[in-house]
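# Inside the fold
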Number of protein chains: 2
Amino acid sequence: MERDIDATVISAEVGVPEAPDELRRLRQSIDNFDSAIIHILAERFKISQRVGELKAELGLPPADKDRERAQIARLRQLADDAQLDPQFAEDLLSFIVTTVVRNHERIRERDSSADLVNPASTR
Amino acid sequence: MERDIDATVISAEVGVPEAPDELRRLRQSIDNFDSAIIHILAERFKISQRVGELKAELGLPPADKDRERAQIARLRQLADDAQLDPQFAEDLLSFIVTTVVRNHERIRERDSSADLVNPASTR
């Protein structure tokens, strides 16, 4: 890759056309990692959506503190092994779980309203 | 895979040994996706660490609002294409960027203290 051909013109990463060449390359990698994360999360949420539906069918509560505690411990250990700040991993999981639990509550409420319309439906 | 061998005993996902079989399998997938995300983030932060050092060397500020705006627009579009809530993608990026900027500030402060010890060093 040629590096000295006017980085101010050929820069392709988003947002900062005047960024120096190395910064530009690093940001392209960050953009690639972020794309990967978005796509993994999209699949993760398809599954947690199904978990929410299943919990509603089984009458289980949207949040599960034991499961969350175990997830936190596991991810902190993984983060530590990968030289990522374990506190960051924990905060990130909390952020994701908060969103998921909110969705599970929405599913449960939706199912409850369905019961109002059709009281014979099983919960 | 045999599914009816007492799911209450063979359950392997973290935290909820008594979870029904389907819930158990879904959670194993969630755990796998979370592991992937942790490992990608570990690599992403190695790169953003280098971005922070480079910004400090070049005297660039830790935060870059134009770059962040462009990242948000890009990730919202990717999320939308992947059927992930674009607002969630935006909130997640903000969460990550807040951590990264805090790290960049720490790098800059560390470099500034080095200047105090050795005032001849370039910033």
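Residues numbered from 1 in each chain as written. Chains lettered and ligands numbered in written order. Predicted model: local features only at pLDDT ≥ 70, side-chain atom pairs only at ≥ 80, totals over all residues. Heavy atoms only, no water.

### Looking at the packing of helix H3 (residues 65–81) of chain A against helix H2 (residues 21–58) of chain B
A pair of packed helices is characterised by two quantities: the angle between their axes and the separation of those axes. Here H3(A) crosses H2(B) at 35°, and the two axes come no closer than 10 Å. Regarding H3(A) and H2(B), the two cross each other, and that crossing is right-handed. In this structure, H3(A) contributes Arg67(A), Gln71(A), Arg74(A), Leu75(A), Leu78(A) and Ala79(A) to the contact, and H2(B) contributes Arg27(B), Ile30(B), Asp31(B), Asn32(B), Asp34(B), Ser35(B), Ile38(B) and His39(B). (Axes fitted to C-alpha atoms, helices over the stretch in contact; angles between N-to-C directions. Helix = DSSP H or I, 4+ residues; strand = E, 2+ residues; numbered from the N terminus. Left-handed = near helix turned anticlockwise from the far one by under 90°. Contact = heavy atoms within 4.5 Å.)

### Brief notes about the relation of the copies chain A and chain B
Here two copies of a chain appear, and what relates them is a rotation about an axis with a shift along it. When chain A is brought onto chain B, the operation consists of a screw motion whose angular component is 180° and whose axial shift is 0.0 Å, with 0.0 Å RMSD remaining. These values place the two chain copies in the arrangement generated by a two-fold rotation axis. Distance from the rotation axis, computed per C-alpha, reaches its smallest value in chain A at Ile37(A): 3.0 Å. (Least-squares fit on C-alpha atoms with pLDDT ≥ 70 in both.)

### Quick notes on the packing of aromatic side chains
Here the structure, examined in full by the defined rule, presents five aromatic pairs over all chains. Taking 5.5 Å as the distance between ring centres and 10° as the angle between the ring planes, the aromatic pair formed by Phe95(A) and Phe95(B) counts as stacked. Taken as a pair, Phe95(A) in helix H4 (residues 86–117) and Phe95(B) in helix H4 (residues 86–117) lie in two separate chains rather than in one. Note on Phe95(B): relative accessible area 21%, which makes it partly exposed. (Phe/Tyr/Trp six-rings, centres within 6.5 Å; stacked < 30°, edge-to-face > 60°. Buried < 20%, exposed > 50% of the residue type's maximum accessible area, 1.4 Å probe, protein only.)

### Structural notes on the interface of chain A and chain B
At the interface, 53 residues of chain A touch 53 residues of chain B. Buried area between chain A and chain B, summed over both chains or domains, comes out near 5,100 Å², and the portion from carbon and sulfur atoms is 77%. Of all residues in chain A, the largest losses of buried area upon contact with chain B belong to Ile38(A), Arg67(A) and Phe88(A), amounting jointly to 13% of the total for that side. Counting across the chain A and chain B interface gives eight salt bridges. Between Arg67(A) and Asp31(B) there is a salt bridge; the shortest N-O distance is 3.0 Å. (Buried area = accessible area lost by both parts, 1.4 Å probe. Salt bridge = Lys/Arg side-chain N within 4 Å of Asp/Glu carboxyl O.)

### A short note on unusual backbone geometry
You will see that Gln83(A), though not glycine, has its phi angle at about 60°, which is positive. Assignment of secondary structure puts Gln83(A) in the loop between H3 and H4.

### Quick notes on the side chain of Glu68(A)
Residues and elements named next belong to chain A. Examined against the element boundaries, Glu-68 turns out to sit in helix H3. Taking relative accessible area as the criterion, Glu-68 reaches 13% and is therefore assigned buried. Filtering out sequence-adjacent residues up to four positions away, Glu-68 remains in contact with Ala-63, Val-97 and Val-101.

### With respect to the confidence of the model for chain A
All names here are of chain A. When pLDDT is averaged along chain A, the result is 81, and 76% of the positions lie at 70 or above. In this model, residues 1–12 is a region of pLDDT below 50 whose contacts with residues beyond four sequence positions or in other chains number 16 contacts. For the stretch residues 117–123, pLDDT sits under 50, and the model shows five contacts to residues farther than four places along the chain or on other chains. This complex was scored by the predictor with a pTM of 0.74 and an ipTM of 0.74. (pLDDT = per-residue confidence, 0-100.)

### Topic: H2(B)
With 38 residues, H2(B) extends 55 Å between its outermost C-alpha atoms, agreeing within 8% with the 56 Å of an ideal straight helix rising 1.5 Å per residue. A positive phi of about 70° marks Gly59(B), the residue just after H2(B). (Expected span 1.5 Å × (residues − 1).)

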